[in-house]
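Examining the three-dimensional arrangement
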Amino acid sequence: MRLGAGFAVAAGLMLPVLTGQASAQAQSQAQAPVLAPAQAVAPGGKLEAKYEASLAGIAVGKGVWSIDINEDQYSATASGGTAGLLKAFSGGSGSGQSTGRVVAGALVPSTYSATTTSAKKSETIKMLITPGYVKEFSIEPEPPLDPEKIAITDAHRRNVIDPMTGSLLRVPGTGELMTPDSCRTGTSIFDGRMRYDLKLDYKRMESVKAEKGYRGPAIVCAVYFTPIAGYVPDRAAIKYIAAQRNIEVTLVPIAGTRVLVPYRMTIPTPLGVAMLEATEFVTSAAPPKAVARTN
């Protein structure tokens with residue numbers, strides 16, 4: 001059972017990203033001696049979060065997630081492992097990282113890596129990404145060929161993003177950040193092994209309160225998973241997830257940005273509901289800086 005290793009980066013494996021233009025802005029009243037009246041621009045923000053994973057109400061894993069977004073680049077890192085009773089039976093750990101550039105407000109990934117380790121084996125996936133295209137990818141150790149899998153072609157590596165960037169949902173524009181339209185989106189993901197599509201739709205608004213950090217409004221989206229390639233069509237687990245209509249993700253914002261990230265995620269399984277939920281969600285905006293504005 002790879003739940004412990006895989007759940008550590010579940011938030012980065014199951015969610016889409018919506019890129020857009022514009023960042024949060026506020027007017028400054030200060031006057032510089034030489035410059036024209038300045039605009040206070042929030043160049044980005046940070047997140048430090050801790051998550052707990054449970055299955056049918058039983059604790060099975062813990063993890064941490066760090067995200068740093070600034071004017072021209074971003075990074076996201078997650079790590080974690082099994083906990084509680086599951087650790088005694090099937091110990092495992094996992095980590096993932098994505099880095100990229102911020103171009104005209106869009107999050108454009110450059111690199112992605114993910115490692116899972118269990119008592120039986122360790123595996124590392126690496127990807128080198130140019131805008132919209134996975135230029136290189138590798139799995140170490142290289143897995144044996146499976147003739148039953150739908151083969152990954154060059155076309156499957158185009159117009160995709162990595163799963164960690166796919167967890168950063170950026171809302172375009174300058175209006176209200178959390179509205180039903182923020183959920184109505186989708187994207188194409190390649191994780192080095194599988195190519196799949198994710199679609200979101202609006203479900204409801206609610207309030208959340210972490211033990212430390214964020215407390216406030218959250219938007220709940222339905223998540224629909226469609227496998228495309230790199231999988232065995234007859235595999236029961238893939239069929240099960242693809243058929244689900246009750247997968248949900250609860251999103252909240254990173255301060256200083258128009259990026260929403262998972263606070264909670266629930267996935268029905270044959271053993272009960274699997275949940276990944278933040279216990280700590282500490283987010284802060286980067287200090288605004290003055291930018292000259294001409295009249």
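Values in this document were obtained by computation on a predicted structure and should not be read as measured data.

Another point: the overall build of the protein chain. Secondary structure assignment for the protein chain yields 4 helices and 18 strands. Across the 295 residues in the protein chain, those meeting the buried criterion constitute 47%. Long-range contacts, defined as pairs at least 24 residues apart, comprise 62% of the intrachain contacts of the protein chain with a sequence gap of at least 6. With an accessible surface of roughly 14400 Å², the protein chain has 55% of that area assigned to carbon and sulfur atoms.

Right, let's talk about the layout of surface pockets for a bit. Size it by volume and the second largest pocket reaches roughly 410 Å³. Along the walls of the second largest pocket sit 16 residues, with Ile139, Pro143, Leu145, Lys149 and Ile152 positioned nearest its centre. Per-element tally for the lining of the second largest pocket: the top contributor is strand β9 (residues 133–140), with 3 residues. Considered class by class, the residues forming the lining of the second largest pocket number 9 nonpolar, 3 polar and 4 charged.

Structurally, Gly94 can be placed in strand β6 (residues 92–103). Taking relative accessible area as the criterion, Gly94 reaches 6% and is therefore assigned buried. Spatially, the C-alpha atom of Gly94 lies 4.3 Å from that of Thr116, the residues being 22 residues apart in sequence.

By secondary structure assignment, the location of Glu123 is in strand β8 (residues 122–130). Of note is the side chain of Glu123, whose polar atom sits 2.3 Å from the side chain of Arg193.

As for its position among the elements, Ser207 is in strand β12 (residues 195–209). C-alpha separation for the pair Ser207 and Thr250, spaced 43 residues apart in sequence, amounts to 9.9 Å. In this structure, Ser207 is in contact with Gly216 and Pro217, ignoring residues within four places of it in sequence.

This part takes up the pairing of strand β14 (residues 215–229). Along any regular strand, the residues point their side chains to alternate faces of the sheet. When β12 meets β14, the two strands line up antiparallel, connected through 14 bridges. Among the inter-strand pairings, Tyr202 is bridged to a residue of β14, identified as Cys221. For β14 and strand β15 (residues 248–253), the ladder comprises 4 bridges, and the chain directions are antiparallel. Bridge assignment links Val220 to a residue of β15, and that residue is Thr250.

Right, let's talk about the packing of aromatic side chains for a bit. Going through the model one piece at a time under the given rule, you end up with 5 aromatic pairs. Each ring, one from Phe137 and one from Phe190, has its centre 5.1 Å from the other, and the planes form 85°; the classification is edge-to-face. Of this pair, Phe137 sits in strand β9 while Phe190 sits in strand β11 (residues 186–190), and the two are 53 residues apart along the sequence. Ring pairing ties together the aromatic residues Tyr214, Tyr263 and Phe281, which thus form one cluster. Between Arg158 and the ring centre of Tyr133, over which it is positioned, the NZ or CZ distance is 4.3 Å.

This paragraph deals with the state of the cysteines. Here is the idea: a disulfide is a covalent bond, and it sits between the sulfur atoms of two cysteines. Evaluation of the coordinates by the stated rule reveals 1 disulfide. Between the sulfur atoms of Cys183 and its disulfide mate Cys221 the distance is 1.8 Å. As the torsion about the S-S bond is roughly -70°, the Cys183-Cys221 disulfide counts as left-handed. With Cys183 in helix α3 (residues 180–183) and Cys221 in strand β14, this pair connects stretches of sequence that are 38 residues apart. With a relative accessible area of 0%, Cys183 lands in the buried category. Among the residues examined, Cys221 registers a relative accessible area of 0% and is labelled buried.

Rules of the game
Residues numbered from 1 in each chain as written. Predicted model: local features only at pLDDT ≥ 70, side-chain atom pairs only at ≥ 80, totals over all residues. Heavy atoms only, no water. Helix = DSSP H or I, 4+ residues; strand = E, 2+ residues; numbered from the N terminus. Buried < 20%, exposed > 50% of the residue type's maximum accessible area, 1.4 Å probe, protein only. Contact = heavy atoms within 4.5 Å. Areas by Shrake-Rupley, 256 points an atom, 1.4 Å probe, with all protein chains shown as cover. 1 Å grid on protein atoms, 1.4 Å probe; cavity = no way out; pocket = protein on both sides within 12 Å on 5 of 7 lines; lining within 4 Å. Points joined across faces, edges and corners; volume = space filled by probe spheres on them. Nonpolar A, V, L, I, M, F, W, Y, C, P; charged D, E, K, R; others polar. Polar contact = N/O pair within 3.5 Å; in protein donor to acceptor, adjacent residues only side chain to side chain. Pairing = 2+ DSSP bridges. Phe/Tyr/Trp six-rings, centres within 6.5 Å; stacked < 30°, edge-to-face > 60°. Lys NZ or Arg CZ within 6 Å of the ring centre and 35° of its normal. Disulfide = S-S within 2.5 Å.

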